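Summary of structural features
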Amino acid sequence: MTSRTLRLFCISVILCLTAVAAQQLGLEVISLDGEAKVQRSDKKNWMDLGLGLKVGDNDIVETMFQTKLVLAFGGANTIIIGSNSKALINIQERQALDKKILDVSVTLFGGGVFAKAVSASHISIYTSNAVAETQNGSISSVVEPKTQESGFQILGGTVNIRSIAQKEGRDLSAGQTTMILPGREPTAPLYITYRHVTVLKHFFGDDYINNELSASGITPTEDRATRDRMSLAQNLGERAGAGASDEGFFKALFSANRVYGAILTDQTNRARRYRAIDRPEKIVNASTTLGAQFSFGAGGTGFFPAITLTPQFTFSPQLEVSLRLGLAANYTHAIGMYGFSSFAGILDKINYIVLRPLQNDLIIRLGEINDYSLGGGMVVNHFSNRNAYALFTPLGLTARYTWEDFLTVKAFSADISNFAVGGIYAEISQNQYRCGAGFFWDANQYSPLTQDNLRYDTLPTISKNNIVNAPESTALSMSVYQIDGSVDLFSVNNFTLTLAATLAQKLSLPHSDGFVVTLPEFRGEYNGFVLTAGLVTAAGRLVPGQLSAFYMSDRAWIVKPSRFSGAKDTFYTQNSALSEKKMSRALAFALRTNPFKGYALDLSYCWNIADRNALASDSGFRGPDISYMIGVSIDDGVFPKVHWARFAIGQAHAGLYPAGSSPFASWGYNLQLEALTQPLAFNTALTTYLRYYFLDLGAFDNKVHSGDNVFEMGIGLQWGIR
C-alpha cells in the first residue's frame, strides 16, 4: 500500500468516525406529556417523538397544545420545550482546556423553552432579535412569533443577554427578568413575581421550577394590586368594558391572549408603563350584591333628593347585570319614579350589562358612559353620556374587539334608543408602529336628547314659532373623521421617545367644515412617567375634544331675550356658535405618572396662543380658550380601607361655552371627589361622591352667574349577599 493510499484510508476512517460521533451527539427525550414532532435535518417529513428517542443537530422540534417535552444531555443538563412551541436544535462538541464542552443552541421561532446548564455545556438561546447564553445557569425564554418580542426569566446562576445587534450583553442573575423588542436593547431587569412563577410551573412543570427556585434561593415578589397583575392589553380590555378613559392611543404590548405574552407584558407594564387606577365596577366579592344610595342635587330652585337601589348579578364570567331603581324629585319638587314616559327612560332602569362572549377578545357594555376617550382624545375626550339637566342617564353602549393584539376596533353610542351620538375607531399596532382611524357623529345637534324628566329647571320648548334658527333650517349635524399614527423613534434604558400626528376633519358634504391637527407631538416614557407635548392647529367649526364630559348637556342651548324686547328666543348649537373663519393655535401638554405606590396622577393643559374669529360673533382676536384637567387617583396601597378614590378638577374650552366665561366658571367646568371603601363589616362597603359644576339655569341668558351653580352629593353602600 502506497503512502498516498494510506493517507486516503486514514482520512476516510477519521471522517467516518467523526460522522458516527456526530450522529451520537443528541438530546434524549426523558419525558413527554402530550404530542411532539421532529423534522430530521436530512428529511422533509415530520415524525413523532417518544421516550428514549434523540434530537440531533439541525433537527426542528415542534410541540402541540398542552405539551411539555423534556430533553437531557451530558448528565443533568436539561432543555424543556413548552406548549405550542417550535425550535431548531444545534449541537457541537469542542475541546476546552482539559475537557470537552457540548455547545447546544436553541433557535426559538415561537413559544417557550427552559434550559439548564450544569456541567461541561454551553447553552445559547436565539430568537429573531435576542441572544441568551449561559454555562452555569437556568433560564426560561418566550417569544411571540407575530411581533418577535422576546422575554427571559433567570431561574439560576448567571445568564448573559443581549439584543441581536449588540456585541456585548448584560449579565443577569437568578430571580431577574427582562424583555427585548425588535431593534431595542434589553429592558432594565425586574424581579420575578408569584404570577410569573405560576405560569412557568404550568408550562415547564412544578418540580423543575420549584427545584430552581429553592436551589437559587429565589423569593418571588408580591404582585401589585389586582389590576396590575394583568397585562397591559388585558387591562385596556377591562377598561373598555367599564367605559374608562384613554381608549386607544397607547398600544397594547405583546399577546394578551397567550400566557407567554402575559408574562412579558406584565414585566413591561411594571417596568415603565403608566398604570391608570380606574373605578372598579364592583367592590365586594359576591355573585349578587345590593347597592343603595341617597343623593341630592342643589341648583336652580332648591334641593332635589333621590334614593336609588342598584342590585347586581354575576351569572357567569361572560355576563354581569345591574339594575337601577330610584325615586327622585324633578324640577317641580315632586318625587316619583321617572322615566317610564319614554323608551330611553325605561332603558335607564338598566344600570349596566357587561358581555364577554369571546373571553375578553370581545367586550360589550351597556350602561352609563363616563370618562371615555378614543384616539388620544382628539375628538372623543373624557366623554360622558350623562345629561346633567336630566334625572336619568340614557343607556349607552361601548364595545371593544381585539384580534391577535394587532387590530383593535372600538365603538360607542351615547344612547342606544336612537344612536344619535356615537363613533367607531380602529387601531393597528405592530412593534414600534401604531396607526388608527375613526369616525364620530352627532346626527342632528338641533334635536334635543332630553325633553322630559328634567331635574333643575324646565327648558324652553323648541318650536319654529318662537325660536330663531329653528330646527327646520340647516340641521347642523356633526360628522368627523380622524386619522392618527405614531412611531417610536428610539428606546434606551427604559426611556422611549415617540413621534405622533393626528388629523380630525369635520365634514359638511361635500365640503370641509373645520379641522384640528396635532403636529408634531412628542411623547416620552420613562419608568411610569408619560409626558406628551404637541402643537395643535384648529380651524372652522371644530375644536379639540369636541365630544367632552359635558357635550350631552351643552351641545345645544336656547338664549331668551329680555321679556320687554318682544324678540324671539335664539337656538344655538356648538356648531352654529363657532365661526367658519375660526383659526387657532395652541400648545398642549399632558403628564401621566405613578409618583408613588398606589397613586396615579393625570394632568393635561391646552393653551391657545392665537385664537382669531373663534365664535360667529367675533371679528378678531379674543381671550384665551383654555382646557385643563388635574386628576389624582389612589387605591388600597395608600389607605388599606380605601378601595379606590379620585379627585379631579377640569374644564373644557373656557372662553367658548358660553362666550366670555372664565377659566374657573363655564359650562365645561367640573370638580368632583369620589371614594369607595373596602368591605368593612358584613361584606358591606361604603360609597360617596361630590360634584360641582355650572348649567345655564333660570334666565337662559348664555352667561355664567350665581344661579347657574350646581352641587351634587351622594352616600351609599354596597352589600355582598352571596
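As shown above, the structure is provided for reference.
Residues numbered from 1 in each chain as written. Predicted model: local features only at pLDDT ≥ 70, side-chain atom pairs only at ≥ 80, totals over all residues. Heavy atoms only, no water.

Some words on the pairing of strand β11 (residues 130-134)
Put simply, the test is: Classification of residues uses two cut-offs on accessible area relative to the type maximum, computed with a 1.4 Å probe and protein chains only: under 20% is buried, over 50% is exposed, and between them is partly exposed. Per the convention used, a helix needs a DSSP run of H or I reaching at least four residues, while a strand needs a run of E reaching at least two, with both numbered from the N terminus. Whether two strands pair depends on DSSP finding at least two bridges between them.
Buried residues dominate β11, accounting for four of its five residues. Between strand β10 (residues 121-126) and β11, which follow one another and run antiparallel, lie three residues. Two strands pair when backbone bridges link them, and β11 and strand β14 (residues 158-163) are joined in this way by four bridges, in the antiparallel orientation. The partner of Val131 across the bridge, within β14, is Arg162.

Notes on the packing of aromatic side chains
Note on aromatic pairs: each is described by the distance of the centres and the angle between the planes. Using the following cut-off: Planes of paired rings set the category: under 30 degrees apart is stacked, over 60 is edge-to-face and the rest tilted, where pairs are Phe, Tyr or Trp rings (Trp by its six-membered ring) whose centres lie within 6.5 Å.
Scanning all chains against the criterion turns up 19 aromatic pairs. With centroids separated by 6.4 Å and ring planes inclined at 50°, the aromatic side chains of Phe296 and Phe711 adopt a geometry described as tilted. Within this pair, whereas Phe296 is found in strand β18 (residues 288-299), its partner Phe711 is found in strand β42 (residues 709-720), the two being separated by 415 residues in sequence. Pairing Trp557 with Trp667 gives two aromatic rings, centres 5.3 Å apart and planes at 75°, and the pair type is edge-to-face. Within this pair, whereas Trp557 is found in strand β34 (residues 556-559), its partner Trp667 is found in the loop between β39 (642-654) and β40 (670-677), the two being separated by 110 residues in sequence. A residue is classified by how much of its surface remains accessible, and Trp557, at 8% relative accessible area, is buried. The exposure class of Trp667 is buried, given its relative accessible area of 1%.

Quick look at the sheet that holds strand β35 (residues 569-573)
In space, the three strands of this open sheet follow the order β29-β35-β34, with mixed pairing throughout. Bordering the open sheet on either side are β29 (467-468) and β34, each of which pairs with just one other strand. The pairing of β29 with β35 spans two bridges and is parallel. Considered in β35, the bridge of Val468 is made with Thr570.

Brief notes about the environment of Ile81
Spelled out, the test is: Two residues form a contact once any of their heavy atoms are found within 4.5 Å.
Along the chain, the position of Ile81 falls in strand β7 (residues 77-81). Apart from the residues within four sequence positions on either side, Ile81 is in contact with Val61, Thr63, Thr67, Lys68, Leu69, Leu71, Gly112 and Val113.

Observations concerning helix α3 (residues 206-216)
The cut-off we apply is this: Think of it as the arc spanned by the lines of direction from the helix axis to the C-beta atoms.
Turning to α3, its buried residues number three or more, namely Ile209, Glu212 and Leu213. For α3, the angular spread of the buried residues around the axis is 95°, confining them to a single face. More than 90 degrees from the buried face of α3, the exposed residues found are Asp207, Ser214 and Ala215. Just downstream of α3 lies Gly217, where phi reads positive at about 70°.

With respect to the side chain of Thr289
The criterion, for reference: Throughout this description, a polar contact denotes any pair of N or O atoms lying within 3.5 Å of each other; where both atoms belong to protein, one of them has to be capable of donating a hydrogen while the other can accept it, and for residues adjacent in sequence the pair is counted only when both atoms sit in side chains.
Of note, Thr289 is situated in strand β18. Here the side chain of Thr289 touches Gln312 through a polar contact of 2.6 Å, side chain to side chain. Those residues in contact with Thr289, other than ones at most four positions away along the chain, are Lys282, Val284, Thr310, Pro311, Gln312, Gln718, Trp719, Gly720 and Ile721.

Some words on the pattern of salt bridges
Quick note on the threshold: Here, a salt bridge means any side-chain nitrogen of Lys or Arg that lies within 4 Å of a carboxyl oxygen of Asp or Glu.
Inspection of the entire model under this criterion finds 22 salt bridges. One salt bridge in this structure joins Lys410 and Glu427, with 3.9 Å as the shortest N-O distance. Of the two residues, Lys410 sits in strand β26 (residues 407-413) while Glu427 sits in strand β27 (residues 421-430), which places them 17 residues apart along the sequence. Both residues of the pair, Lys410 and Glu427, count as buried. With its nearest N and O atoms 3.6 Å apart, the salt bridge here joins Arg592 to Asp602. On the criterion of sequence distance, the pair formed by Arg592 in strand β36 (residues 583-593) and Asp602 in strand β37 (residues 599-612) is long-range, its members being ten residues apart.

So, the nonpolar core
So the rule is basically this: We define the nonpolar core as a collection of buried residues of types Ala, Val, Leu, Ile, Met, Phe, Trp, Tyr and Cys that are connected through side-chain atoms lying within 4.5 Å of one another.
One finds Ile79, Ile139 and Ile161 to be the most contacted residues of the largest nonpolar core, which totals 34 residues. Among the elements that take part in this core, strand β9 (residues 99-116) stands out by supplying six residues, more than any other. Setting aside anything within four residues of it in sequence, one finds Ile161 in contact with Val131, Ala132, Ile139, Phe152, Ile154, Gly169, Arg170, Leu172, Thr178, Ile180 and Pro186. Leu374, Met378, Phe412 and Ala504 belong to the second-largest nonpolar core, a separate cluster that totals 25 residues.

Some words on the side chain of Ser584
Turning to its location among the elements, Ser584 is positioned in strand β36. Taking the relative accessible area as the measure of exposure, Ser584 reaches 5% and is therefore buried.

So, the environment of Gly438
Counting through the fold element by element, Gly438 comes out in strand β28 (residues 433-442). Among the residues examined, Gly438 registers a relative accessible area of 9% and is labelled buried. Distance in space between the C-alpha atoms of Gly438 and Gly375 is 7.9 Å, their sequence separation being 63 residues.

What to know about unusual backbone geometry
The bulk of non-glycine residues show a negative phi, and the bulk of peptide bonds are trans. The linkage connecting Leu519 with the following residue, Pro520, adopts the cis geometry, with an omega of -5°. Looking at where Pro520 falls in the secondary structure, it is placed in strand β32 (residues 511-526). Residue Pro658 is reached from Tyr657 by a cis peptide bond, and omega for that bond is -5°. Secondary-structure assignment places Pro658 in the loop between β39 and β40. Here the phi dihedral of Asn58 falls at roughly 70°; this positive angle occurs in a residue that is not glycine. In this structure, Asn58 sits in the loop between β4 (54-55) and β5 (59-63). In the Ramachandran plot, Phe682 falls in the positive-phi region, its phi being about 55° despite a non-glycine side chain. Mapped onto the secondary structure, Phe682 falls in the loop between β40 and β41 (684-694).

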